[in-house]
Amino acid sequence: PATCGGGGVTGKCGGGCVPTTCAALGLSCGSAPDGCGGTLDCGTCPAGSYCTGGKCATSTCTKTTCGTAVCGQVPDGCGGTLTCGICPTGTFCSGGACVSNTCTKATCGGLGYDCGTWADGCGGSLDCGVCTPPATCGGGGKPGVCGGGCVATTCTKLGYTCGTWADGCGGSVDCGPCVAPETCGGGGVTGQCGGIPCVPTTCAALGYSCGQWADGCGSLLNCGTCTLPDTCGGGGTLGQCGHIQ
């Protein structure tokens, strides 16, 4: 690699780049520049180890165990999976446990449900269908049954940015939390984050004896239930049990 004048003397050959070595660099694996525009190949690591910083290191990952799982596959914590066994004849694997095939699954008809997804009692689930809008599943007050026809309100419609509020259909709408030390309604504006502590109202203060209502501080008050045939507000008075005569 000598060049004319490369050693600093005009008209004389000299200088030139002398490549370094893996040993000189203290490397035992991987690749590195040789200092002369080329690349050094410093070798590979044996099985069970990996190259880091030019040195072979043993993997520090400790594989997990099946734990309480007696069947199926679970992650081993090191990028692989563990096979935790198979279930005997007459059973099947559900959530890492063997479940008997003799289990009698529930049915939508047996449960009296016509909408929603529910546990079948044997480790699986039942799809009992959907409701035709504006009816909702449970909207009439019975779980798993289409009813109501109520169109739930939203945080945008309410103009609220925090707290949990009645959606007008027997459910609730979550408008988000505030960043401490602010609280929902703490600045004196309902449904808005602010710094003044909010004092929630009560069922007695509202004059209500049934239903769920906003407490003015981002939570719901449960003012009780009615005995059939009475319903909450059914007699025409908000928050009172009654029915149309």
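Rules used throughout
- Residues numbered from 1 in each chain as written.
- Predicted model: local features only at pLDDT ≥ 70, side-chain atom pairs only at ≥ 80, totals over all residues.
- Heavy atoms only, no water.
- Helix = DSSP H or I, 4+ residues; strand = E, 2+ residues; numbered from the N terminus.
- Areas by Shrake-Rupley, 256 points an atom, 1.4 Å probe, with all protein chains shown as cover.
- Phe/Tyr/Trp six-rings, centres within 6.5 Å; stacked < 30°, edge-to-face > 60°.
- Buried < 20%, exposed > 50% of the residue type's maximum accessible area, 1.4 Å probe, protein only.
- Contact = heavy atoms within 4.5 Å.
- Disulfide = S-S within 2.5 Å.

Novice: Please explain the overall build of the protein chain as it appears in this structure.
Specialist: Looking only at helices and strands, the protein chain has 4 helices and 22 strands in total. Only carbon and sulfur atoms are counted for the fraction: they give 58% of the accessible area of the protein chain, which is about 15100 Å².

Novice: Explanation requested: the packing of aromatic side chains in the structure shown.
Specialist: Aromatic ring pairs are described here by two measures, namely the spacing of the ring centres and the angle between the planes. By the definition in use, this model includes 3 aromatic pairs. Ring geometry for Tyr160 and Trp165: centres 4.6 Å apart, planes at 45 degrees, overall tilted. Overall, Tyr160 belongs to the partly exposed group, its relative accessible area being 22%. Accessibility expressed as a relative area gives 3% for Trp165, which makes it buried.

Novice: Please clarify how the environment of Cys184 should be interpreted in this entry.
Specialist: Structurally, the position occupied by Cys184 is in strand β17 (residues 183–184). Along the chain, Cys184 and Gly216 lie 32 residues apart, while their C-alpha atoms are 8.8 Å from each other. When sequence neighbours within four positions are dropped, the list of residues in contact with Cys184 reads Cys162, Gly163, Trp165, Cys178, Gly191, Gln192, Cys193, Cys198, Cys217 and Gly218.

Novice: Got a minute to help me understand the state of the cysteines in this structure?
Specialist: By definition, a disulfide links two cysteine residues through a covalent bond between their sulfur atoms. Counting across every chain of the model gives 13 disulfides. Disulfide partner of Cys22: Cys42, at an S-S distance of 2.1 Å. Here Cys22 and Cys42 share a disulfide; its torsion about the S-S bond, -90 degrees, makes the bridge left-handed. Taken together, the positions of Cys22 in helix α1 (residues 22–25) and Cys42 in the loop between β4 (39–41) and β5 (49–52) put the pair 20 residues apart, joining distant regions of the chain. Sulfur-sulfur distance for the disulfide between Cys71 and Cys93 comes to 2.1 Å. Because the sign of the S-S torsion sets the handedness, a value of about 85 degrees for the bond joining Cys71 and Cys93 places this disulfide among the right-handed ones. In this pair, Cys71 is assigned in the loop between β6 (55–58) and β7 (73–75) and Cys93 in strand β9 (residues 91–94), connecting sequence segments 22 residues apart. Assessed through its relative accessible area of 2%, Cys71 is described here as buried. Of the residues examined, Cys93 reaches a relative accessible area of 37% and is grouped as partly exposed.

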